[in-house]
Amino acid sequence: DGGITQSPKYLFRKEGQNVTLSCEQNLNHDAMYWYRQDPGQGLRLIYYSQIVNDFQKGDIAEGYSVSREKKESFPLTVTSAQKNPTAFYLCASSVDGSHKGYTFGSGTRLTVV
Amino acid sequence: KQEVTQIPAALSVPEGENLVLNCSFTDSAIYNLQWFRQDPGKGLTSLLLIQSSQREQTSGRLNASLDKSSGRSTLYIAASQPGDSATYLCAVSPSGGSYIPTFGRGTSLIVHP
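In this report, the structure presented in the accompanying data block is examined.

Conventions adopted
Residues numbered from 1 in each chain as written. Chains lettered and ligands numbered in written order. Predicted model: local features only at pLDDT ≥ 70, side-chain atom pairs only at ≥ 80, totals over all residues. Heavy atoms only, no water. Helix = DSSP H or I, 4+ residues; strand = E, 2+ residues; numbered from the N terminus. Contact = heavy atoms within 4.5 Å. Pairing = 2+ DSSP bridges. Axes fitted to C-alpha atoms, helices over the stretch in contact; angles between N-to-C directions. Buried < 20%, exposed > 50% of the residue type's maximum accessible area, 1.4 Å probe, protein only. Buried area = accessible area lost by both parts, 1.4 Å probe. Salt bridge = Lys/Arg side-chain N within 4 Å of Asp/Glu carboxyl O. Polar contact = N/O pair within 3.5 Å; in protein donor to acceptor, adjacent residues only side chain to side chain.

For V113(A), the location among the structural elements is in the segment after β11 (108-112). Apart from the residues within four sequence positions on either side, V113(A) is in contact with F12(A), R13(A), K14(A) and E15(A).

Encoded structure:
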C-alpha cells in the first residue's frame, strides 16, 4: 500500500544535539511538507518542497533544516538552534504543488531531555 | 492572511446524535478545503476534500458542505458512534501562489455510549 512513513515514532534529544526525523513516501507525490503541532495550537508549517532539490521556508523555519535529494524522501533536522523543539512533528505530501489534498504520516514525537 | 476558525473547540455528545462541526475562513479566494480526523498521538487522516467549484462531498455518515461566499464549511456526522471520538481539523488552501493550506485548531469530539 502507498503511504508516508515517519520514523522514529518517539525521539529524545539532549540539549545541544542535532536530530534528524525521517519521512519517506511511495505515493509518487511531488510536494512534501513538514509541520509542527503543539497542544492547543494548529499545525504550523516548517518547510516545504515542491520539487526535488528545491525547498522553501514555512512560517517557523528557524532552527530547522531540510534536504530533498530524492523525490521519495524529505528528512527534517532539528538543530541545537531550535530553543523549544519538544513537539509533535508531522510530514505530509501532495500530488503536486496545486494541492489535490494532503496525505499525512503518523508523526514523530520529539522530547528534549 | 487567511485565518481559519473552528467552533466549537470541544464537543461531548451521547451516542446516536447527529453533529455539525463548523469551520470558517476569512479569505474566500480558496482552491479547496479538506477535513481531517486526528486520533490522539496519531497523524491526520483525510476525510473529505471539497474543491472550490463544489458545494458538498459525502462519504458514508459524513457530509461536508462549502459556502465560499460566506466563508464557511460544515462537517455533518450522522448517527455518531464512540469510534467517531477524535479531533477534527479543517484546512483551507488558497487559490494561486503556493496553495499552502491554513489549518484550524480543530474540534475535539467525544461520543460517549
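The next subject is the sheet that holds strand β8 (residues 76-78) of chain A. Residues and elements named next belong to chain A. With antiparallel pairing, the four strands of this open sheet are ordered in space as β1-β3-β8-β7. A strand with exactly one partner marks an edge of an open sheet, and here the two such strands are β1 (4-7) and β7 (64-66). Ignoring which end each strand starts from, the neighbouring axes of this sheet average 20° apart. Of the pairings in the sheet, the one linking strand β3 (residues 19-25) to β8 comprises three bridges and is antiparallel in character. Across the sheet, the residue bridging to V19 is V78, located in β8.

Turning to the environment of S67(A), a few remarks are in order. All names here are of chain A. Among the secondary structure elements, S67 is positioned in the loop between β7 and β8. When the C-alpha positions of S67 and N18 are compared, they lie 15 Å apart, and in sequence the two are 49 residues distant. Apart from the residues within four sequence positions on either side, S67 is in contact with F55, S73, F74 and P75.

This next bit is on the pairing of strand β11 (residues 107-112) of chain B. Residues and elements named next belong to chain B. Side chains of β11 alternate between two faces, with T107, L109 and V111 buried and S108, I110 and H112 left unburied. Pairing geometry for strand β2 (residues 10-14) and β11, over five bridges, is parallel. Residue pairing for β11: A10 is matched across the bridge by S108. With three bridges joining them, strand β9 (residues 86-94) and β11 adopt antiparallel strand pairing. Residue pairing for β11: A86 is matched across the bridge by L109.

Right, let's talk about the interface of chain A and chain B for a bit. At the junction of the two partners, chain A supplies 22 residues and chain B supplies 20 residues. Carbon and sulfur atoms make up 56% of the surface buried where chain A meets chain B, a total of about 1,600 Å² over both sides. Where chain A packs against chain B, one counts zero salt bridges. Between the two partners, chain A and chain B, sit three residue pairs in polar contact (both at pLDDT 80 or more).

The quantities given are spatial measurements derived from coordinates; they are silent on function.
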